[in-house]
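# Notes for the structure review
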Amino acid sequence: MPEVMDGIPTAGSAATGGRGVPRVGSRRRTAGSPGTASRVAQVRRAADDFAELEKVMRQLHLSSTSEALRAGIRLLVRDAAEVAAADDIGSFLR
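Residues numbered from 1 in each chain as written. Predicted model: local features only at pLDDT ≥ 70, side-chain atom pairs only at ≥ 80, totals over all residues. Heavy atoms only, no water.

A separate point is the overall build of the protein. In terms of helices and strands, the protein carries 2 helices and 4 strands. Going from the N terminus to the C terminus, the protein shows its helices and strands as β-β-β-β-α-α. Scored against the burial criterion, the 94 residues of the protein give a buried share of 12%. Residue pairs at least 24 apart in sequence account for 16% of intrachain contacts in the protein once pairs closer than 6 positions are excluded. Accessible surface computed for the protein: about 7,900 Å², of which carbon and sulfur atoms make up 58%. (Helix = DSSP H or I, 4+ residues; strand = E, 2+ residues; numbered from the N terminus. Buried < 20%, exposed > 50% of the residue type's maximum accessible area, 1.4 Å probe, protein only. Contact = heavy atoms within 4.5 Å. Areas by Shrake-Rupley, 256 points an atom, 1.4 Å probe, with all protein chains shown as cover.)

Inspection of the secondary structure puts Arg45 in the loop between β4 (33-38) and α1 (47-60). For Arg45, a relative accessible area of 53% corresponds to the exposed category.

Turning our attention to the environment of Leu69. Considering the arrangement of structural elements, one finds Leu69 in helix α2 (residues 65-93). As for Leu69 and Val43, which are separated by 26 residues in sequence, their C-alpha atoms are 10.0 Å apart.

With that settled, consider the pattern of salt bridges. A complete count under the given rule lists 1 salt bridge for this structure. The partner of Arg45 in a salt bridge is Asp49, with the nearest N and O atoms 2.8 Å apart. Residue class for Asp49 comes out partly exposed when judged on its relative accessible area of 30%. (Salt bridge = Lys/Arg side-chain N within 4 Å of Asp/Glu carboxyl O.)

Here we come to the confidence of the model for the protein. Per-residue confidence for the protein gives a mean pLDDT of 77, with 63% of residues at or over 70. Between residues 18-29, whose pLDDT stays under 50, and residues either more than four places distant or in other chains, the model counts 25 contacts. (pLDDT = per-residue confidence, 0-100.)

It is worth spelling out a nonpolar patch on the surface at this point. Nonpolar side chains collect at one region of the surface, where Ile89, Phe92 and Leu93 lie side by side and expose about 400 Å² of accessible area between them. With respect to the element layout, Phe92 can be found in helix α2. (Patch = residues over 30% accessible without salt bridge, like charges linked within 9 Å, V, L, I, M, F, W, Y side chains within 5 Å.)

Turning our attention to unusual backbone geometry. Here the phi dihedral of His61 falls at roughly 55°; this positive angle occurs in a residue that is not glycine. Along the chain, His61 falls in the loop between α1 and α2. Since its relative accessible area comes to 70%, His61 is described here as exposed.

Take a look at the structure:
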């Protein structure tokens, strides 16, 4: 596991590519998304938060933390779109 301080890989960790410089926002192609770039994000949370996340992962049969976080981001995006649509409707009706 790479060493991390304040959510950023430290010098010499595997996440820095051995250069000692974090690859924040690095771009790479993934098998599931041809022609699109991905970005790396790190999260530091309390142990009890991750215990809850692991419980949810088991309940929803999610195989990895990354998969769970991607699902959470999709839900946030959908919720934000619903809020924006409600705001638009409210503005139209006023």
